[in-house]
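Secondary and tertiary structure notes
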Amino acid sequence: MKIGRTHYAQDINETLIGQEVQVAGWVHRRRDHGGLIFVDLRDRTGLVQIVCQPDDSGFATLDRVRAEYVIQVAGRVRARPEGMANPELASGAVEIVPHEVLLLSSAKTPPFSVAEAEEVDELLRLKYRYLDLRRPSLMRNLWLRDKSLMVVREFFHEHGFLDIETPALARSTPEGARDFLVPSRLQPGHFYALPQSPQIFKQLLMVAGVDRYYQVAKAFRDEDLRADRQPEFTQIDVEMSFMDQDAILSLMEAMLHRLFAEVMDISLDPFPRMTWHQAMKAYGSDKPDLRAGPPLVNLTDVARTVDWPVLRDAEHVVGVVLPQYQPTRKELDGWAEAARQGGASGLVWIVREAGGMRSSASKWLGDQALATLANAAHVEPGDALLVVAGNGWLPYEVAGQLRLLFARHAGRVQTGWRFLWVTEFPLFEWSEEEGRLVSAHHPFTMPHPDDIEKIESDPASVRSQAYDVVLNGTELASGSLRIYQPDLQARIFQVLGLSAEEIQNKFGFLLDAFQYGAPPHGGIAFGLDRLLMLMAGADSIRDVIAFPKTARGTDPLMNAPSPVDESQLQAVHLTVKW
RNA sequence: GGAGGCGUGGUGUAGACGGCCUAACACGCAUGCCUGUCACGCAUGAGAUCGCGGGUUCGAAUCCCGUCGCCUCCGCCA
């Protein structure tokens, strides 16, 4: 028998009954009945059952094989006996009777079972990632990734976007995350940086007249990891010229609609749009989870009427309604603790029972005042209300956290795919660490046209033409219209506190480029890994990345990072100290 | 940088008030039996100095200190 296959496991079905087929793959399970051996052969598509009797050729080989041996089987497809079909398998109505079995590779007993779905220590999984990937759940995610990228690429191709590669060896950018650095051998003492995003390149491509660009691009950020953060990750990076914000949002939304329709067979509703300000007021978050129950209620006005300074004198008073929920004292104490952790001075709760009301503030608020608050929040008998008071955005953020905590705790998070656009992010935000204004998105973000005159006089209030795609409380994409006028860009740099010299040194090439005819342009970057994580129902982006890194940034399979030879260090003019 | 959780045969867990642990259970593995299983079944068996180091104690998987690793969260992530 030559090496090769005629069919994948999942394609062996009733239509092939009586035909000769050749399949190849791994021994998933072997069930030895003495005179009768069943082998589940696994390939990347699934399983197919091989059945073999002592006088069949190949019996001796199948008697010897063990889990994860690699075999190739030529045989005839036949229907399984009456009542013996396995509805769990695509190939479950049939089986293969071999007339030749080739043992291609034996295998050591694997360190964990490929066939069992049990949860295995992730370090071990990563060390033996090639075995982990054999498990159907991860293999499915690789397929999902491939299929999704095909749909995305088709979409962009059809809409006239050019797929253009940008360098992985770039220069360090002053704003943003910590860079991964690569020492230069030819330029002693100089370093490349791995790009945190192709941002500047794609804007230069717009100046070049590419008009529509996209790239499935690796991005690198040397920051601490999380379940949804890896030091290298993949963006679907997009940039367009001569389109206003509305046109960009509509086109990108169409892409996601197409993706979900073709890959998930899900027809998405049009995405609601919400300004950052609205999102913060209604959900205390710039990435609201619309599945997690009703929005926050604003009790600031009604709080003015009560005779208790904690509420009356607070800048903002925000409530979370717990519909038809009577929390225990322990739950309430837990939420109060969470509120304090979040920076609030405390939590006021009101529980409306059939008869009357209990409250943490009953010492200070009479029944009348409690009723006023409860009524303002439309709290019905059987409901409860959590109230956070404070200044600035803090009470909103804390209440937003409590909203999520409650929804998760009480199992009130609805299922579904709740996308939305969040628009009009602030252009600047205050950095405590640096003691200055920094760009909320990045310094090339176009200010809102109505706010341009306030850039110098009241920068904190300036809105931007930046937007995010949010899905179920996760930020999936971030983008903006870009500044294309050199003078406006210079004003922004000035507000950011960059000296003329720094500007010239760090961004001079971009400003230069803008002087040679820059089109109005804007774009967006989708976090592919996060998107796939949600589509796959995974808890971590590691489950949709073939070879991810641990929370400490190591790769246990290759043992990276690693020390290097002294000669390698010398070549790049480095001495290591520790 | 900070907080928390976890670490016990190959895998997943139990044991945690110190002695009942000569460390249990399931799966896996090995050997034998078994002709319709599909998480096959039955029988027998091998396999662990309880992450590592130190301490307390007559005695430590169990208590204390340190350390390493993994995971989660906060900070950080334009």
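By convention here, each chain's residues receive numbers from 1 onward along its written sequence. Whichever chain is written first becomes A and whichever ligand is written first becomes 1, with later ones labelled in order. It should be noted that, the model being predicted, local features are given only for residues of pLDDT at least 70 and side-chain atom pairs only at 80 or more, the latter also being counted only at that level, while totals for whole chains, interfaces and linings use all residues. Excluded from the side-chain calculations are hydrogens and water; all other atoms, namely the structure's heavy atoms, are used.

**Brief notes about the overall build of chain A**
- What chain A contains, in helices and strands, is 16 helices and 22 strands.
- If one aligns the C-alpha atoms of chain A with their principal axes, the spans along those axes are about 90 × 75 × 50 Å.
- Here's how the labels work: a residue is buried when its accessible area is under 20% of the maximum for its type, exposed when over 50%, partly exposed in between, all with a 1.4 Å probe on protein chains only. Considering chain A as a whole, with its 578 residues, one finds that 49% of them fall into the buried category.
- Areas reported as accessible are Shrake-Rupley estimates using a 1.4 Å probe. Residue values count occlusion only from the protein chains shown. In the form shown here, chain A has an accessible surface area of approximately 28,500 Å², with 51% of it arising from carbon and sulfur atoms.
- When charges are counted, Lys and Arg are positive and Asp and Glu negative, with His and the chain ends excluded. In plain terms, the charge of a residue is placed at NZ if it is Lys, CZ if Arg, CG if Asp and CD if Glu. Averaging the locations of the 59 positively and 77 negatively charged side chains of chain A gives two centres separated by 4 Å. Secondary structure elements are defined from DSSP: runs of H or I of at least 4 residues count as helices, runs of E of at least 2 residues count as strands, and each element is numbered from the N terminus.

**Some points on the protein's contact with RNA strand B**
- One heavy atom within 4 Å of a molecule or strand makes the whole residue count as near it. The environment of RNA strand B is formed by 48 residues, the closest being D32, R78, M84, P111 and H441.
- The share of sugar and phosphate among atoms of RNA strand B within 4 Å of the protein is 54%.
- Residue T554 places a side-chain N or O atom 3.5 Å away from a phosphate oxygen belonging to RNA strand B.
- Mapped by element, the contributors of at least two residues to the surface near RNA strand B are β1 (20-32), β2 (37-43) and α2 (122-127). Within 3.5 Å is the distance limit for a polar contact, defined as a pair of N or O atoms, with the added protein rule that one can donate a hydrogen and the other accept it, and that residues adjacent in sequence qualify only through two side-chain atoms.

**Some details on unusual backbone geometry**
- With an omega of -5°, the peptide bond running from A560 to P561 counts as cis.
- Mapped onto the elements of the fold, P561 is located in the loop between α15 (528-536) and α16 (566-571).
- Its identity is not glycine, yet E68 carries a phi of approximately 75°, on the positive side.
- For H573, which is not a glycine, the phi torsion comes out positive at approximately 65°.
- Mapped onto the fold, H573 is located in the segment after α16.
- Relative accessible area serves as the criterion here: at 40%, H573 is assigned to the partly exposed category.

**Regarding the pairing of strand β10 (residues 232-241)**
- β10 sits mainly inside the fold: nine of its 10 residues count as buried.
- When strand β9 (residues 212-220) meets β10, the two strands line up antiparallel, connected through nine bridges. Looking across to β10, one finds that Y213 is bridged to E239.
- Here the rule is simple: two strands pair whenever DSSP picks up at least two bridges between them. Note that β10 and strand β22 (residues 521-527) share seven bridges and pair antiparallel. Bridging across to β22, Q235 finds its partner in G527.

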